[in-house]
Amino acid sequence: MKIGLVTYFWPNNYGAKLQAYALQRSLEASGVVCEIINYNPQENRPKSRSIKNIPAKFFKCAVNLRYGREIEKGLERFLQFDSLFHLTEKIKDVSALANLSDFNGFVCGSDQIWRNPKVGFYFLDFAQDNQARISYAPSFGVSQVPTEQHSLYAELLSKFNSISVRETEGAAIIRTLIGQDVPVVLDPTLLLSADEWRSLAQEPSRKLPKGYVLNYSVQNTSPCFQVAKQAAKLLNLPLVTIDVSRRLAFNFGTQKYYDLGPKEWLCVFDRASYVVSSSFHGTAFAINFQKPFISVCQGTQTLNTNSRMLSLSKLLGLEKRLVFPKAKISQDFLSCEYSDAVLRSLEAERQKSKDYLTKAIEAVSK
């Protein structure tokens, strides 16, 4: 059986690369031939040339002057990681998707692929009637979708053979749109055990401290950094930063890494004594590696974009590890133990998620 995987695999983003790898590997473990559909709907999107970007361009130039060699090394390592993907031939035109007739079905997921229903590719709108459509842990990225988009969402979702989502908010959205109760499954990165990820990890070029607090953010950079500094001070540990936005390029008091590929990123997470992150995948890997952690949410407690971290943390009984910007961290709050109940919950959810994927694939062959 041959399954095509539709996912975010092309951005040089740690979470995107690792979730794509994990879902591909999990599908192959179920006994199917899996190829990632090598098409990027955003590839030909025009780039902004607004004059407002001039200050950002000056800052980018300064960062490149200071860290250019490290950044280039990191990009090389991302390209090397891509060799782990099993890709179709490059597809440049959306009309060519209709030629994928040798696939028995398609799986779309994970990450925030369902934010925009106008990008039908991520809803498998190109699949033929005899090809199965399965979703595994996609995210809407928000807790509500605009009312004016309901009919388009409903039309696309009604054609799926099996649907699962990554957050409880996503399940509620599906129920509203098409009246179905669908399972909430784990992000693909949590389908693989910590030991499986460790087997992939590689040492970074620069030696890591023996013990450290890891600061990792994709957005919400400054609030996350402030919380991480508090944690490092209270724990009397050095602070290590994976600065994706590069906004901390000229901040002092932290050891920054700009040359990490996904494999080196895994090593930095695994070696950390403590993790402070505002990223969903930062939270997911802290949990998988059983690291004491703090997740820094964005904005206020009602902001939609926090739904991903809230859903995962509540699922495992770790919601107390979430804080909001400008939080004052106490010594007592730093304590984060992985009880037997938490570990049992993680293993149960992992098995439930694998069972969903297995059953959805088995149904394709019937």
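Calculation notes
Residues numbered from 1 in each chain as written. Predicted model: local features only at pLDDT ≥ 70, side-chain atom pairs only at ≥ 80, totals over all residues. Heavy atoms only, no water. Helix = DSSP H or I, 4+ residues; strand = E, 2+ residues; numbered from the N terminus. Rg over C-alpha atoms; globule rule 2.2 N^0.38 Å. Buried < 20%, exposed > 50% of the residue type's maximum accessible area, 1.4 Å probe, protein only. Contact = heavy atoms within 4.5 Å. Lys, Arg positive; Asp, Glu negative; His and termini not counted. Charge placed at Lys NZ, Arg CZ, Asp CG, Glu CD. Pairing = 2+ DSSP bridges. Right-handed = clockwise from strand over helix to strand, strands pointing away. Expected span 1.5 Å × (residues − 1). Salt bridge = Lys/Arg side-chain N within 4 Å of Asp/Glu carboxyl O. 1 Å grid on protein atoms, 1.4 Å probe; cavity = no way out; pocket = protein on both sides within 12 Å on 5 of 7 lines; lining within 4 Å. Points joined across faces, edges and corners; volume = space filled by probe spheres on them. Nonpolar A, V, L, I, M, F, W, Y, C, P; charged D, E, K, R; others polar. Phe/Tyr/Trp six-rings, centres within 6.5 Å; stacked < 30°, edge-to-face > 60°. Lys NZ or Arg CZ within 6 Å of the ring centre and 35° of its normal.

**Quick notes on the overall build of the protein**
Each helix and strand in the protein was counted, giving 10 helices and 10 strands. Here the C-alpha atoms of the protein give a radius of gyration of 21 Å, agreeing with the 21 Å that 2.2 N^0.38 yields for 366 residues. On the principal axes, the C-alpha backbone points of the protein span a range of 60 × 50 × 40 Å. A total of 366 residues make up the protein; the buried ones form 53% of that total. Taking as baseline every contact in the protein between residues at least 6 positions apart, the subset at least 24 positions apart corresponds to 76%. If the 45 positive side-chain charges of the protein are averaged to one point and the 34 negative ones to another, these points end up 8 Å apart.

**Thoughts on unusual backbone geometry**
Note that the residue after Gly109, namely Ser110, is joined by a cis bond; omega there is -10 degrees. Here Ser110 lies in the loop between β3 (105-108) and β4 (132-135). In this model, Asp111 sits at a positive phi of 65 degrees, which is unusual for a non-glycine residue. Residue position: Asp111 is located in the loop between β3 and β4. Relative accessible area serves as the criterion here: at 12%, Asp111 is assigned to the buried category. Here Ala137, not a glycine, exhibits a phi torsion of approximately 60 degrees, which is positive. Relative to the helices and strands, Ala137 is located in the loop between β4 and α3 (150-157). Ala137 gets classed as buried once you look at its relative accessible area, which sits at 0%.

**Overview of the pairing of strand β2 (residues 33-36)**
Only one face of β2 is covered, namely the one carrying Cys34 and Ile36; the face carrying Val33 and Glu35 has none of its residues buried. In this structure, strand β1 (residues 2-6) lies alongside β2, joined through 4 bridges in parallel fashion. By the bridge assignment, Lys2 is partnered in β2 with Val33. This β-α-β element, β1 to helix α1 (residues 14-29) to β2, shows right-handed connectivity.

**Notes on helix α10 (residues 340-364)**
Helix length check: α10, at 25 residues, gives a terminal C-alpha distance of 37 Å against a target of 36 Å (1.5 Å per residue), a fit within 8%. Looking at the buried positions of α10, the neighbouring elements they touch are β1, α1, β3, β4, α8 (280-288) and α9 (307-315).

**Things to note about the pattern of salt bridges**
In this structure the tally under the stated criterion is 17 salt bridges. Of the charged contacts in the structure, one is a salt bridge between Arg206 and Glu70, with a shortest N-O distance of 3.7 Å. Note that Arg206 is positioned in the loop between α5 (194-198) and β5 (213-217) and Glu70 in helix α2 (residues 54-81), a separation of 136 residues in sequence. A salt bridge links Arg198 to Asp195, with the nearest nitrogen and oxygen atoms 2.9 Å apart.

**Some words on the layout of surface pockets**
A volume near 1,900 Å³ is recorded for the largest pocket. In terms of lining residues, the largest pocket is bounded by 46 residues, among which Pro11, Asn13, Val218, Gln219 and Val244 are the most central. Contributing elements (two or more residues each) for the lining of the largest pocket: α1, α2, α8 and α9. Here the lining of the largest pocket gets 7 residues from one element, more than from any other, and that element is α2. Its residues assigned to classes, the lining of the largest pocket shows 17 nonpolar, 18 polar and 11 charged.

**Some points on empty space enclosed by the protein**
Tallied over the entire structure, the rule returns 1 cavity of 30 Å³ or more. Size it by volume and the largest cavity reaches roughly 80 Å³. For the lining of the largest cavity, the element with the highest residue contribution is α9, accounting for 4 residues. Of the residues belonging to the lining of the largest cavity, the class tally is 6 nonpolar, 1 polar and 4 charged.

**Some thoughts on the packing of aromatic side chains**
Counted under the stated rule, the structure contains 27 aromatic pairs. Centre to centre, the rings of Trp114 and Phe160 are 5.7 Å apart; their planes meet at 75 degrees, and the pair counts as edge-to-face. Residue Trp114 is found in the loop between β3 and β4, and its partner Phe160 is found in the loop between α3 and α4 (168-178); the two are separated by 46 residues along the sequence. A centroid spacing of 5.5 Å and a plane angle of 65 degrees characterise the contact between Phe140 and Tyr153, whose relative ring orientation is edge-to-face. With Phe140 in the loop between β4 and α3 and Tyr153 in helix α3, this residue pair connects regions lying 13 residues apart in the sequence. The two residues Phe140 and Tyr153 agree in class, both being buried. Cluster of aromatic residues (ring-pair linked, three or more members): Phe9, Tyr14, Tyr21, Phe78, Phe81, Phe85, Trp197, Tyr216, Trp265, Phe269, Phe285 and Phe289. When the ring centre of Phe103 is taken as reference, the NZ or CZ atom of Lys2 above it lies at 4.6 Å. Between Arg166 and the ring centre of Phe280, over which it is positioned, the NZ or CZ distance is 4.1 Å.

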